[in-house]
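# What the coordinates show
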Amino acid sequence: MKSKNMSIFSNGIIKENPVLRLMLGTCPTLAVTTAAINGVGMGVAATIVLVCSNLVISLLRNFIPDKVRIPAFITVIAGFVSVVQMLVKAFTPSLDEALGVFLPLIVVNCIILARAEMFASKNPVLPSVLDGLGMGIGFTATLTLMGMIRELLGAGTLFGFTVTANTIDPMIIFLLPPGGFFVFGVLVAVSNAISKRQGKPVVEHLGCASCPMHSACKNAVLDSNEIPTDCQNAEKVGGNNE
Amino acid sequence: MSKLLKVTSSPHIRHEDSTRGIMLDVIIALLPAAVYGCILFGLSAALVLITTVITAVAAEALWNLALKRQQTIGDFSAVLTGLLLGMNLSSQTPLWIAAIGSVVAIIVVKQMFGGLGFNFANPAMTARIVLLVSFAGQMSNYVSPIDVVSSATPLAKETTFTLKQMFFGMHAGSIGETSSFLLIIGGVYLMLRRVIKPIIPVAFIGTVALATLIAGGDLKLALFGGGLMLGAIFMATDYVTSPTTDLGKLIFGVGCGLITFVIRQFGSLPEGVSYAILLMNILTPHINRFTLSKPFGAGEVAKQ
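Residues numbered from 1 in each chain as written. Chains lettered and ligands numbered in written order. Predicted model: local features only at pLDDT ≥ 70, side-chain atom pairs only at ≥ 80, totals over all residues. Heavy atoms only, no water.

### Concerning the overall build of chain B
Across its full length, chain B carries 14 helices and zero strands. Of the regular secondary structure in chain B, the N- to C-terminal order runs α-α-α-α-α-α-α-α-α-α-α-α-α-α. Counting every position in chain B, which comprises 304 residues, the buried fraction comes to 50%. In chain B, the proportion of contacts linking residues at least 24 apart, taken out of those at least 6 apart, comes to 73%. (Helix = DSSP H or I, 4+ residues; strand = E, 2+ residues; numbered from the N terminus. Buried < 20%, exposed > 50% of the residue type's maximum accessible area, 1.4 Å probe, protein only. Contact = heavy atoms within 4.5 Å.)

### Quick notes on the overall build of chain A
Secondary structure assignment for chain A yields nine helices and two strands. Each helix and strand of chain A, ordered N terminal to C terminal, gives the series α-α-α-α-α-α-α-β-β-α-α. Residues classed as buried in chain A amount to 41% of the 242 residues present. For chain A, contacts bridging at least 24 residues in sequence account for 70% of all contacts bridging at least 6.

### A few points about the environment of Ala58(B)
Residues and elements named next belong to chain B. Along the chain, the position of Ala58 falls in helix H2 (residues 43-66). Relative accessible area serves as the criterion here: at 34%, Ala58 is assigned to the partly exposed category. Spatially, the C-alpha atom of Ala58 lies 8.6 Å from that of Ile73, the residues being 15 residues apart in sequence.

### Topic: the confidence of the model for chain A
For chain A, mean pLDDT is 84; residues scoring 70 or higher make up 84% of the total. pLDDT under 50 marks residues 238-242 of chain A. Its contacts with residues more than four places away, or in other chains, come to 13 contacts. (pLDDT = per-residue confidence, 0-100.)

### Notes on the packing of aromatic side chains
Residues and elements named next belong to chain B. Evaluated as defined, the whole model comprises eight aromatic pairs over all chains. The interplanar angle of 85° and the centroid separation of 6.4 Å between the aromatic rings of Phe261 and Phe266 together place this pair among those described as edge-to-face. The class for Phe261 is buried, based on a relative accessible area of 12%. A residue is classified by how much of its surface remains accessible, and Phe266, at 64% relative accessible area, is exposed. (Phe/Tyr/Trp six-rings, centres within 6.5 Å; stacked < 30°, edge-to-face > 60°.)

### Topic: helix H3 (residues 77-87) of chain B
For H3(B), the buried fraction is high: 11 of the 11 residues fall into the buried class. On its buried face, H3(B) is in contact with helix H1 (19-41), H2, helix H4 (95-110), helix H5 (123-134) and helix H11 (228-235) of chain B.

### A word on the nonpolar core
Residue and element names in this part refer to chain B. Core analysis: the largest hydrophobic core is formed by 103 residues, its most contacted members being Leu30, Phe204 and Phe234. Per-element tally for this core: the top contributor is H1, with 10 residues. Filtering out sequence-adjacent residues up to four positions away, Leu30 remains in contact with Leu80, Leu83, Leu84, Met87, Leu230 and Phe234. (Core = buried A, V, L, I, M, F, W, Y, C linked by side-chain atoms within 4.5 Å.)

### Brief notes about the interface of chain A and chain B
Counting residues at the interface gives eight residues for chain A, matched by nine residues for chain B. Both sides together, the interface formed by chain A and chain B hides about 720 Å², and carbon and sulfur atoms give 77% of it. Seen at the junction of chain A and chain B, the total is zero salt bridges. Counting every contact that joins chain A to chain B gives three residue pairs in polar contact (both at pLDDT 80 or more). (Buried area = accessible area lost by both parts, 1.4 Å probe. Salt bridge = Lys/Arg side-chain N within 4 Å of Asp/Glu carboxyl O. Polar contact = N/O pair within 3.5 Å; in protein donor to acceptor, adjacent residues only side chain to side chain.)

### With respect to the environment of Leu163(B)
All names here are of chain B. The topology assignment puts Leu163 in helix H7 (residues 163-168). Relative accessible area serves as the criterion here: at 49%, Leu163 is assigned to the partly exposed category. Taking the C-alpha atoms as reference points, Leu163 and Lys220, separated by 57 residues in sequence, lie 6.4 Å from one another. For Leu163, the residues in contact, after removing those within four places along its chain, are Lys220 and Phe224.

### Points about the environment of Phe9(A)
Residue and element names in this part refer to chain A. Within the secondary structure, Phe9 sits in helix H1 (residues 2-15). In this structure the C-alpha to C-alpha distance between Phe9 and Pro127, which are 118 residues apart in sequence, comes to 7.9 Å. For Phe9, the contacting residues outside a window of four places in its chain are Leu130, Leu133, Gly134 and Ile137.

### Overview of the packing of helix H4 (residues 69-91) of chain A against helix H6 (residues 110-120) of chain A
Residues and elements named next belong to chain A. One way to put it is that H4 packs onto H6 with a least axis distance of 10 Å and a crossing angle of 130°. As judged from the angle between their axes, H4 and H6 are oblique. Read as a crossing pair, H4 and H6 show a hand that is right-handed. Listed contacts from H6 to Arg69, Ile70, Phe73, Ile74 and Ile77 of H4 are Ile112, Leu113, Ala116 and Glu117. Of the residues contributing to the contact of H4 with H6, the split by class is seven nonpolar, no polar and two charged. (Axes fitted to C-alpha atoms, helices over the stretch in contact; angles between N-to-C directions. Parallel < 35°, antiparallel > 145°, perpendicular 65-115°, else oblique. Left-handed = near helix turned anticlockwise from the far one by under 90°. Nonpolar A, V, L, I, M, F, W, Y, C, P; charged D, E, K, R; others polar.)

### Some points on the confidence of the model for chain B
Averaged over every residue, the pLDDT of chain B is 87; the share at 70 or more is 92%. Least confident of the elements in chain B is helix H14 (residues 300-303) of chain B, whose mean pLDDT is 58; most confident is H2(B), at 94.

### Structural notes on unusual backbone geometry
Although it is not a glycine, Phe159(A) sits at a positive phi angle of roughly 50°. With phi around 55°, Lys68(B) is a residue other than glycine that occupies positive phi space.

### Side note on the packing of helix H9 (residues 199-215) of chain B against H11(B)
Residue and element names in this part refer to chain B. With their axes 8 Å apart at the nearest point, H9 and H11 run at an angle of 155° to one another. Between H9 and H11, the angle is such that the two are roughly antiparallel. H11 is crossed by H9, and the crossing has right-handed handedness. Along its contact with H9, which presents Ile200, Pro201, Phe204, Ile205 and Val208, the element H11 presents Leu228, Met229, Gly231, Ala232 and Ile233. Taken together, the residues that form the contact of H9 with H11 break down as nine nonpolar, one polar and no charged.

This is the structure in structure tokens:
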């Protein structure tokens, strides 16, 4: 039991890294990682919300009617986002300024809703909290790494300290959206290459297997590239990766 | 083996054209303007061109080695990319920035998308845009060829050049863009050799000229003062990133011209040729889809 909990925790960090492997939460990933410290801040804020919402949703999983589960999840998540937002505003106003609109937008962060739907609503409290923590750490690590790369290449600094800015002119494009997409793509490629080297083939299915909801879906057909007509998640996962 | 045996669908036409031959033709067409740029701007211009060409070829060779692919530097496309990029830079560009440009062009824009034939945009031009965005200061440091002092390109600042000076390239600008005369000669050579069709350059330049005339701008500045000739003749006509049909080419050229004009007239940048070509490059697959040529006899069966 202990090792199972451990693997639930470590899943989110590498094997099912939310950003690089599940392709969830790409919008804040691309938008806020212009500096390493923003990546840390965004990651920590999202992790707190993720752990708390997983905890509460797991506790309430037997009370929330199936038909209205999404609004119920969103309400829980929005509550915690408001708390985090007020805390950030009060204690780290500079981070609040840097994250801007993306802080309240954690409400619609795909990772949090997906973990609530896929994991917390079906599992007991402890695994849900561990899942939230693992996913949150994976998210934070990826954002920090991306922020470090973009800050170093685009501004010549690291966590605000000057590294190469005085010796080499930084490439400003890394701070702009094209640079964000480029670094993101390279990181996804690297993580794919690593899992390939470990002998785990990269999933390149078109059907249910590529759907982030497939493990929670009773109609999923994993060995086909066709999406079944009784797909439960078509509207939820239809390419909307907020 | 792939040279001898190629299985394709009919009809089969045999032709001596090869990638290498076409690339060589384009390089030959570019050389007069490149050499003239070196004479005009001096040793620093030659160094920039040498740097971009060598780095481009080295980047392609190393990429093929690293990925254990067939070596492709022999088709001269990397040489052409390097030369085009160098001609698009100012002679005052620091050499390491020029080298980064070549690496971006070959690795990021070309090889990462699958190599020659699969790039979605013109590598040299996209690399120029990347450099322009990244190193705005160093990239817009132009000098006047007459007295080698810093000066803005004619497009950036109202100047009093005569038509002759503008046409033959006695003004500030990128290494290869100043002499419209030599660029047009290169373009005519390519058209005579049937490497390119005149549709895109004529539509592109014609649209810019017409729009400038209607807006009451200075025609000689618009045509000869910036990168229009170099872009329209050598970069917009890239096979991979321009439409295949004649109608598609016309739409592409007019689109490039309109975007260039809009950026120059209303944008905050003095020059818009490279952005215009990049935007139209991205639209090329869609233009291709809407201008499919009709197969012989199509539609007749349906009527009966």
